Amino acid sequence: MNARRRLAIVVQRYGAEVNGGAEQHARWLAEQLAVNADVTVLTTRALDYITWADHYPEGETVENGVRVRRFSVDARREWKKAQRQTRLVMTHQHTLFDEVQWVRDQGPFSTPLFTAVRRAYETTDAFIFYTFHYASTYFGLPIVSDRAFLVPTAHDDPFVHMALFRPLFHLPRGIFYLTEPERALVQRVTRNGYVPSTVTGVGVEVPVDVSAARFRQRHGIDGPFLLYVGRIDESKNVPELLDFFARFRQAQPDAPLKLVLIGRTNMPLPDQPDIVHLGFLPDGDKFDAIAAAEVVVLPSLYESLSMIILEAWAVGTPVLVNEQCEVVKYQCKQSNAGLYYRTPDEFAATLQLLLGSSPLRRQMGKQGRAFVGRHYRPEVVLQHYNALLDAASSARPTVA
């Protein structure tokens, strides 16, 4: 009998309460791989990505069959200072050293975490690092590069074009891209096409007892609503969504439409009855909300893969996305299960089209469910991960 593979997943935050796509992806993968492998998650104690402040207890826990080890960061991030540093790096001449210092200051930088990665080298077959532009990956992956794999979660923002990150994409044994556009982007920018890679995503599993009526009763929401799920902040382009929705409501004052937002907020929200903020909800409530919504909306300009879009399609709900995000636009075209917009007028026109035809919504939802079934069943995604882990590990050079 073959020995169980020993894996470590290194990710900036980890936990059921963490509201972030990459972190949710890492948690899903860890729990799935733990069925047939010994999996340890190495992460920080942070819940909040703004400051990386300690939240979870330090030390080791077991969560849904996964061994989790959490470490304190060396220093909390000062958000306003960090934003100023980012603007300077993006808009002013600077050195490579300045970029390295920027990554360290952005964090999460954890000396105990990096020490744990180094000490785990001899007893770990493969390390899977998440999110290329965080300090946990930039400083951690090179320590164990000959046993490292990368899930970059890259999109076409200024970070992927920074000079210091290009060597990082040449170091790992293999790279797991979430979509074909992401792989094309990274290979074009970094010229790392020779590094073994595969395109896969995240397995989507819908609870068996999803209930739209239960969501409406629990939260007192009647009538049609547009649903947003995710981080509620400027980086996700939520202010534009609020603006476009307000314009739509002004033009359609008699249309009984609400905008429901699920997730933690890092920005003020308008105090008006047609905008409902429910905060962070557990997965069961989230899926109930998706089932109850007429449309799920994603205004984000930068995504490497959107889990909420896949979850919406798995439930059978159509989506409306920002055309400027190439990845989600690509997936809408591939699935025929979503529309996209750029301007306020296009937002209004596409939303009106979807709201005005329940047969269209049902057909798009049916097509979305089929798309997820073909590409994002858990067993399909895990086959891609295990195949690249096997191939890259067997090809590892040995010293004579």
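The paragraphs below set out a description of the structure included in this document. No experiment lies behind these values; they were computed from the predicted model shown.

**Notes on a positive patch on the surface**
Then step 1. Residues Lys-80, Lys-81, Arg-84 and Arg-87 make up a contiguous surface patch of positive charge.
Then step 2. Along the chain, Arg-87 falls in helix H2 (residues 79-91).

**Quick notes on the side chain of Lys-286**
Then step 1. Within the secondary structure, Lys-286 is located in helix H9 (residues 283-292).
Then step 2. What makes Lys-286 buried here is its relative accessible area of 7%.
Then step 3. In this structure Lys-286 touches Gln-24, Val-229 and Glu-311, once residues within four positions along its chain are discounted.

**Describing the pattern of salt bridges**
Then step 1. Counting across every chain of the model gives 21 salt bridges.
Then step 2. As a salt-bridge pair, Lys-286 and Glu-311 come within 3.0 Å of each other at their nearest N and O atoms. With a gap of 25 residues between them, Lys-286 in helix H9 and Glu-311 in helix H10 (residues 307-315) connect regions that are remote in the sequence. For the residue pair Lys-286 and Glu-311, the accessibility class agrees, reading buried in each case.
Then step 3. By sharing partners, the salt bridges in this structure join Arg-45, Asp-54 and Glu-58 into a single network.

**Examining the packing of H10 against helix H11 (residues 326-335)**
Then step 1. Closest axis-to-axis distance for the H10/H11 pair is 11 Å, and the angle between their directions is 20 degrees. Classified by the interaxial angle, the pair formed by H10 and H11 is roughly parallel. Like other packed secondary-structure pairs, H10 and H11 cross with a definite hand, here right-handed. Contacts between H10 and H11 pair Ile-309, Leu-310 and Trp-313 from the former with Val-328, Gln-331, Cys-332 and Ser-335 from the latter.
Then step 2. Looking at the contact of H10 with H11, its residues break down into five nonpolar, two polar and no charged.

**Description of the nonpolar core**
Then step 1. Membership of the largest hydrophobic core comes to 64 residues, with the highest contact counts inside it found for Ile-9, Leu-29, Val-39, Tyr-130, Leu-227 and Trp-313.
Then step 2. Take this core: its biggest share by element is eight residues, from H10.

**Side note on unusual backbone geometry**
What you tend to see is this: most non-glycine residues have negative phi, and most peptide bonds are trans.
Then step 1. The omega angle of the peptide bond from Gly-107 to Pro-108 is -5 degrees, so this bond is cis rather than trans.
Then step 2. Structurally, the position occupied by Pro-108 is in the loop between helix H3 (96-106) and helix H4 (111-120).
Then step 3. Of note, Thr-131 is a non-glycine position whose phi angle comes to about 70 degrees, a positive value.
Then step 4. Structurally, the position occupied by Thr-131 is in the loop between strand E5 (126-130) and helix H5 (135-138).
Then step 5. Although it is not a glycine, Asn-237 sits at a positive phi angle of roughly 65 degrees.
Then step 6. Considering the arrangement of structural elements, one finds Asn-237 in the loop between strand E9 (225-229) and helix H8 (238-251).
Then step 7. For Asn-237, a relative accessible area of 12% gives the class buried.

**Comments concerning the sheet that holds strand E3 (residues 59-63)**
Then step 1. On the basis of which strands lie adjacent, the open sheet formed by eight strands has the order E3-E4-E2-E1-E5-E6-E7-E8 and mixed pairing. Looking at strand neighbours, the two that pair on one side only are E3 and strand E8 (197-199), the edges of this open sheet. Pairwise comparison of adjacent strand axes, ignoring direction, gives a mean angle of 20 degrees for this sheet.
Then step 2. Of the pairings in the sheet, the one linking strand E7 (residues 174-177) to E8 comprises three bridges and is parallel in character. Looking at E8, one finds that Tyr-177 is bridged to Val-199.
Then step 3. Contacting strand E1 (5-10), strand E2 (37-44), strand E4 (66-71) and E5, helix H1 (residues 21-33) crosses the sheet at an angle of about 155 degrees to E5.
Then step 4. The sheet contacts of helix H6 (residues 180-190) involve E7 and E8, and relative to E8 the element is tilted by about 145 degrees.

**Thoughts on the pairing of E2**
Then step 1. Where burial is concerned, most of E2 is hidden: seven out of the eight residues are buried.
Then step 2. Of the pairings in the sheet, the one linking E1 to E2 comprises six bridges and is parallel in character. Across the sheet, residue Ile-9 finds its bridge partner in E2, namely Val-41.
Then step 3. Handedness of the crossover joining E1 and E2 through H1 is recorded here as right-handed.

**As for the environment of Gly-338**
Then step 1. By secondary structure assignment, the location of Gly-338 is in strand E14 (residues 338-341).
Then step 2. As for Gly-338 and Leu-354, which are separated by 16 residues in sequence, their C-alpha atoms are 9.5 Å apart.
Then step 3. In this view, Gly-338 contacts Trp-313, Val-319, Cys-332 and Met-364; residues no more than four positions away in its chain are not counted.

What counts, and where the lines are drawn
Going along each chain's sequence as written, the residues are numbered from 1 onward. Local features in a predicted model are, by the rule used here, given only for residues with pLDDT of at least 70; side-chain atom pairs are given and counted only at 80 or more, and totals for whole chains, interfaces and linings are based on all residues. Only hydrogens and water are set aside; all other atoms, that is, all heavy atoms of the structure, feed into the side-chain values. Patch membership requires over 30% relative accessible area and the absence of a salt bridge. Like charges are linked within 9 Å, and nonpolar side chains (Val, Leu, Ile, Met, Phe, Trp, Tyr) within 5 Å. Here, Shrake-Rupley sampling with a 1.4 Å probe gives the accessible areas, and only protein chains in the shown set may cover a residue. One speaks of a salt bridge when a side-chain nitrogen belonging to Lys or Arg is within 4 Å of a carboxyl oxygen belonging to Asp or Glu. A positive count includes Lys and Arg, and a negative count includes Asp and Glu. His and the chain ends are not counted in either. Positions of charges follow a simple convention, taking NZ of Lys, CZ of Arg, CG of Asp or CD of Glu. Strands here are runs of E lasting at least two residues and helices are runs of H or I lasting at least four, both read from the DSSP assignment and numbered beginning at the N terminus. Only protein chains enter the accessibility calculation, which uses a 1.4 Å probe; a residue whose area is less than 20% of its type maximum is buried, one above 50% is exposed, and one in between is partly exposed. Working rule for contacts: check all heavy atoms of both residues, and any pair within 4.5 Å makes them a contact. A fitted line through C-alpha atoms serves as each axis, taken over the contacting stretch for helices, and the angle formed by two N-to-C directions is quoted from 0 to 180°. When describing relative orientation, an angle under 35 degrees is termed roughly parallel and one over 145 degrees roughly antiparallel, while 65 to 115 degrees is termed roughly perpendicular and anything else oblique. Should the near helix be turned anticlockwise from the far one by less than a right angle, the crossing is left-handed, and should it be turned clockwise, the crossing is right-handed. Under the convention adopted here, Pro, Cys and the residues Ala, Val, Leu, Ile, Met, Phe, Trp and Tyr are nonpolar, Asp, Glu, Lys and Arg are charged, and Gly plus all remaining residues are polar. In plain words, nonpolar cores are sets of buried Ala, Val, Leu, Ile, Met, Phe, Trp, Tyr and Cys residues tied together by side-chain atoms within 4.5 Å. What makes two strands pair is DSSP finding at least two bridges between them. A right-handed crossover is one whose linking path, passing over the helix from the first strand to the second, runs clockwise when the strands point away from the viewer.

Function cannot be inferred from these measures alone, as they are strictly geometric.
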